[in-house]
Amino acid sequence: MIEFDITLTHKDMYRFNLYQTYTSFQGWLSVVAGILFVAAGVIYGKTEPLHCVLYIVFGIVLLVYLPVGLYMRSKKRFMTTDSLKKPLHYQIAEEGITVSQEGENASLPWEQIYKMTANKSQVLIYSGRVNAFVIPREQLGAHCRPLADLAAEKLPKYRMKMKV
């Protein structure tokens, strides 16, 4: 059994939201559209200076709006939701994952885990396409390798994308 406690910050929520957005079609589309608008501004700048400025400004707005909006939403949600500020206790065992907070428990059997993925800053355990348990790697510490090994044993390869 692997046990550890984590306390989320608004930065952890922001990283999760960035990951969710930029691994989706909407995120990639906004980046491509922003780059295309900036390129159009450079190309049309030789003939129409006003169009140049408008295209470049619109492209920059597309590239900057999404991350800034996600940051503001993450911070607001974190500040207004008391349960996000309190520590979570994780127990990961052969049967599945149990998360507890102030006497309340939620269990997720391995069979019901949608997918498990990790990036350089967090481990995400998805219970559905959108909802996930966010575990910051810096707080996971030495438990990262045992967690990855247990997940590799319990989950099919297509539902696990973890590099330790």
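All of the points below concern the structure found in this document. Worth saying up front: this structure is predicted, and the values here are computed from it rather than measured.

**A look at the nonpolar core**
Move 1: By size, the foremost hydrophobic cluster in this structure holds 33 residues, and its most contacted members are W110, M116 and V123.
Move 2: Looking at this core, the elements with two or more residues in it are β1 (2-6), α1 (10-22), β2 (88-92), β3 (96-101), β5 (115-118), β6 (122-126), β7 (132-136) and α6 (144-154).
Move 3: Here this core takes five residues from α6, the largest share from any one element.
Move 4: For W110, the residues in contact, after removing those within four places along its chain, are I92, A93, E94, E95, G96, I97, M116, L150, A151, K154, L155 and R159.

**With respect to the packing of aromatic side chains**
Move 1: Tallied over the entire structure, the rule returns six aromatic pairs.
Move 2: Considering the side-chain rings of Y14 and Y71, the 5.2 Å spacing of their centres and the 85° angle between planes classify their relative orientation as edge-to-face. Of this pair, Y14 sits in helix α1 while Y71 sits in helix α3 (residues 49-80); the two residues are 57 residues apart in sequence, bridging distant segments of the chain.
Move 3: In this structure Y14 comes out as buried when scored by relative accessible area, which is 18%.

**Concerning the pattern of salt bridges**
Move 1: Counted according to the given criterion, the structure contains four salt bridges.
Move 2: For E102, the salt bridge identified is with K86, shortest N-O distance 3.3 Å. Note that E102 is positioned in the loop between β3 and β4 (104-109) and K86 in the loop between α4 (82-85) and β2, a separation of 16 residues in sequence.
Move 3: The salt bridge involving K154 is made with E94; its shortest N-O contact spans 2.8 Å. In this pair, K154 sits in helix α6 while E94 sits in the loop between β2 and β3, placing the two residues 60 residues apart along the sequence.
Move 4: Since its relative accessible area comes to 44%, E94 is described here as partly exposed.

Reading the values: rules and limits
- Residues numbered from 1 in each chain as written.
- Predicted model: local features only at pLDDT ≥ 70, side-chain atom pairs only at ≥ 80, totals over all residues.
- Heavy atoms only, no water.
- Core = buried A, V, L, I, M, F, W, Y, C linked by side-chain atoms within 4.5 Å.
- Buried < 20%, exposed > 50% of the residue type's maximum accessible area, 1.4 Å probe, protein only.
- Helix = DSSP H or I, 4+ residues; strand = E, 2+ residues; numbered from the N terminus.
- Contact = heavy atoms within 4.5 Å.
- Phe/Tyr/Trp six-rings, centres within 6.5 Å; stacked < 30°, edge-to-face > 60°.
- Salt bridge = Lys/Arg side-chain N within 4 Å of Asp/Glu carboxyl O.

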